[in-house]
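Structural overview
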Amino acid sequence: MPNLKSLTRAVLLASLLLTGCSQGAGANQELSDKPVTIRFTWWGSDERHKRTQQVIELFHKKHPNITVKGEFKEWNGYWESLATTVAANDAPDIIQMDELYLASYAERGALLDLGTAKKYLTTGDFDQNALATGVVGGKQYALPVGLGAYSMVLNTDLLKQYGIPEPDDKTWTWADFQELGAKVSKASGGKVSGVQSLGLDVGGVNVWVRQNGAKLFDDKGKVVAPPAVLASYWSYIRDLSKAGVSPAPSVIIEKGTGALDQSGTATNTAALATWWNTQLTALTAASGANLKLLDLPGESKTAGAYYKPSMFWSVSSRSKHPAEAALFVDFLANSQEAGDVLLTDRGVPANKKIRSAITAKLTGTDKAAIDYLDQLKVSEAPRVTPNGASNLETILRRHTEDVLFGRATPDQAATAFIRELQAEIDAA
């Protein structure tokens, strides 16, 4: 994964050059009856590339005068390339966008307000909480492609091995979670950790803050998480490790920052761990174990769960063919033909109608991921990550490490985290 600071600088460069520019002059443009070529960029695996090309071909059959030129890239280099093309006024028409960078591009005028393209792009089959994830400053700059939600992954084989009953995930608390993890660690003689540590990704801290009736950012992008709530989060994580419920700090960092197949879940050395529900298939393949998605502890008291888009579709504000670009996004997001090809490659479809239609085609863990999302009670989506806060997880991990290794108290980490994150936002 590329260095986030370098990406932030690249995005900032593009943003500065875009400051003050207006939306594309063709925002209200009609479809052309002449040949038109639009560019579409995305990142992903070779399998995604193949599926996306199939969808492009299906679209061209329906609209033979519109040629979609694909620009496929790996994650490494994608954002620097996008920032460079945007700065040079040569951005692709359709952009696969990530939540971390959405505000950076939207707030500087690089993206089209999709509300101006309603004639060609409909969103009636999307949940409002899902649509809200692509809103910046009251405008729909991005359409969520796939949805995920933070979940607890349980290795049911390990619980059976040690004769420990499964928890009731509709009522359990964080205290229950710790108690269950302690039983596993004790029963295994330390060979298996009850819990793979929290604190290394934004999902965990977001849920904790939300369950405590607060939020990480306010509508203006200011860090407003109460220090006491953040301190309680780090205290909990530290206590899990000290009690042997989760591994020693060095193991936590090694497994938590490594590849998925090296994690405690994938190596069957942790019975419980937080993951995004869409990672279930990969984790099951890596572990060879029976894994189960559970609701997070504490949800019965105050819901902290929320939809996290796997990615978005956005349209460049400088597109010379915004109508055609919007029509293609509509095909990607709303057509059954595209849904049948893409399936869950970009996550569980955010379009409820498409999600329902493809469920019958799925089995095993892919279906379990959809079933989990369908039964989940979510609250209002968090505010889009503010411009300048794309280093959020890097900052979070560093302070988690400081607490785990005793270099800082939870209170010190909370204060420093807020100060550092706010400084990054203010400097953007």
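This text follows the structure it describes.
In this report, we go over the structure that sits alongside the text. (Residues numbered from 1 in each chain as written. Predicted model: local features only at pLDDT ≥ 70, side-chain atom pairs only at ≥ 80, totals over all residues. Heavy atoms only, no water.)

Details of the overall build of the protein chain
- Helix and strand counts for the protein chain stand at 17 helices and 12 strands.
- For a compact globule of 428 residues, the expected C-alpha radius of gyration is about 22 Å, and the protein chain comes in at 22 Å, within 12% of that figure.
- Based on the C-alpha atoms only, the size of the protein chain along its principal axes is roughly 70 × 50 × 35 Å.
- A buried classification covers 54% of the 428 residues belonging to the protein chain.
- Contacts spanning at least 24 positions in sequence make up 77% of the contacts within the protein chain whose residues lie at least 6 apart.
- A total of about 17,900 Å² of accessible surface is found on the protein chain, and carbon and sulfur atoms cover 50% of it.
- Of the charged side chains in the protein chain, 44 are positive and 46 negative; the average position of the first set lies 1 Å away from that of the second. (Helix = DSSP H or I, 4+ residues; strand = E, 2+ residues; numbered from the N terminus. Rg over C-alpha atoms; globule rule 2.2 N^0.38 Å. Buried < 20%, exposed > 50% of the residue type's maximum accessible area, 1.4 Å probe, protein only. Contact = heavy atoms within 4.5 Å. Areas by Shrake-Rupley, 256 points an atom, 1.4 Å probe, with all protein chains shown as cover. Lys, Arg positive; Asp, Glu negative; His and termini not counted. Charge placed at Lys NZ, Arg CZ, Asp CG, Glu CD.)

Some words on the pairing of strand β2 (residues 66-73)
- Bridge count for strand β1 (residues 36-43) against β2 is 8 bridges, and the pairing is parallel. By the bridge assignment for β2, Thr-37 is matched with Thr-67.
- As for the winding sense of the linkage, the β-α-β connection from β1 through helix α2 (residues 46-62) to β2 is right-handed. (Pairing = 2+ DSSP bridges. Right-handed = clockwise from strand over helix to strand, strands pointing away.)

Side note on the packing of aromatic side chains
- Evaluated as defined, the whole model comprises 22 aromatic pairs.
- Pairing Phe-59 with Phe-328 gives two aromatic rings, centres 4.9 Å apart and planes at 70°, and the pair type is edge-to-face. Highlighted residues: Phe-59 in helix α2 and Phe-328 in helix α12 (residues 322-334), separated in sequence by 269 residues.
- By relative accessible area, which is 0% here, Phe-59 ends up buried.
- Ring pairs connect the aromatic residues Trp-172, Trp-174, Phe-177, Trp-208, Tyr-233, Trp-234, Tyr-236 and Phe-417, which therefore count as one cluster. (Phe/Tyr/Trp six-rings, centres within 6.5 Å; stacked < 30°, edge-to-face > 60°.)

Quick look at the environment of Glu-420
- If you trace the backbone, Glu-420 turns up in helix α17 (residues 410-427).
- For Glu-420, a relative accessible area of 25% gives the class partly exposed.
- In the structure, Glu-420 is positioned 96 residues away from Glu-324 in sequence and 42 Å away in space, judged by C-alpha atoms.
- Apart from the residues lying within four places of it in its own chain, the contact partners of Glu-420 are Ile-395, Arg-398 and His-399.

Some details on the environment of Tyr-162
- By the element assignment, Tyr-162 lies in the loop between α6 (156-161) and α7 (174-187).
- Expressed as a C-alpha distance, the spacing of Tyr-162 and Ile-237, which sit 75 residues apart in the sequence, is 24 Å.
- Excluding its chain neighbours within four sequence positions, the residues that come into contact with Tyr-162 are Val-184, Ala-187, Ser-188 and Val-192.

Some points on the nonpolar core
- In terms of nonpolar packing, the biggest core is built from 78 residues, with Phe-40, Met-97, Leu-102, Tyr-105 and Phe-328 touching the most fellow members.
- Considering every element that reaches this core, the biggest residue donor is α12, with 9 residues.
- Setting aside residues up to four positions removed in sequence, Phe-328 forms contacts with Ile-38, Phe-40, Ile-56, Phe-59, Val-68 and Ile-94.
- Residues Leu-230, Ala-271, Leu-392 and Ile-425 belong to the second largest nonpolar core, which totals 54 residues. (Core = buried A, V, L, I, M, F, W, Y, C linked by side-chain atoms within 4.5 Å.)

Overview of the pattern of salt bridges
- Taken as a whole and judged by the stated rule, the model has 15 salt bridges.
- Close ionic contact of Arg-383 with Glu-107 constitutes a salt bridge, the shortest N to O distance being 3.6 Å. Taken together, the residues Arg-383 in the loop between α15 (364-375) and α16 (392-404) and Glu-107 in the loop between α4 (99-106) and α5 (128-131) connect sequence positions 276 residues apart.
- With a relative accessible area of 22%, Arg-383 lands in the partly exposed category.
- Taken together, the shared-partner salt bridges in this structure form one network comprising Arg-39, Glu-71 and Asp-90. (Salt bridge = Lys/Arg side-chain N within 4 Å of Asp/Glu carboxyl O.)

What to know about helix α14 (residues 352-359)
- Residues of α14 that are buried: Ile-354, Arg-355, Ile-358 and Thr-359. End-on view of α14: buried residues confined to an arc of 135°, all on one side of the axis. Seen from the buried face of α14, the exposed residues on the opposite side, beyond 90 degrees, are Lys-353 and Ser-356.
- Among the structural elements, β6 (143-148), α12, α13 (336-342), β12 (348-349) and α15 are those in contact with the buried residues of α14.
- Between a side-chain oxygen at the N-terminus of α14 and the backbone nitrogen of Lys-353 the separation is 2.9 Å; the capping residue is Asn-351. (Arc of directions from axis to C-beta. Polar contact = N/O pair within 3.5 Å; in protein donor to acceptor, adjacent residues only side chain to side chain.)

Here we look at the sheet that holds strand β10 (residues 291-294)
- Across the sheet, which stays open at both edges, the 4 strands sit in the order β8-β9-β7-β10 with mixed pairing between neighbours. The open sheet has two edge strands with one neighbour each: β8 (193-195) and β10. When the angles between neighbouring strand axes are averaged without regard to direction, this sheet yields 30°.
- Where strand β7 (residues 150-155) and strand β9 (residues 270-276) come together, 5 bridges link them in antiparallel fashion. Each residue of the ladder has a partner; that of Tyr-150, found in β9, is Trp-276. (Axes fitted to C-alpha atoms, helices over the stretch in contact; angles between N-to-C directions.)

Considerations on the environment of Ala-381
- Within the fold, Ala-381 resides in the loop between α15 and α16.
- Remark: the alpha-carbon pair of Ala-381 and Val-192, spanning 189 residues in sequence, is separated by 35 Å.

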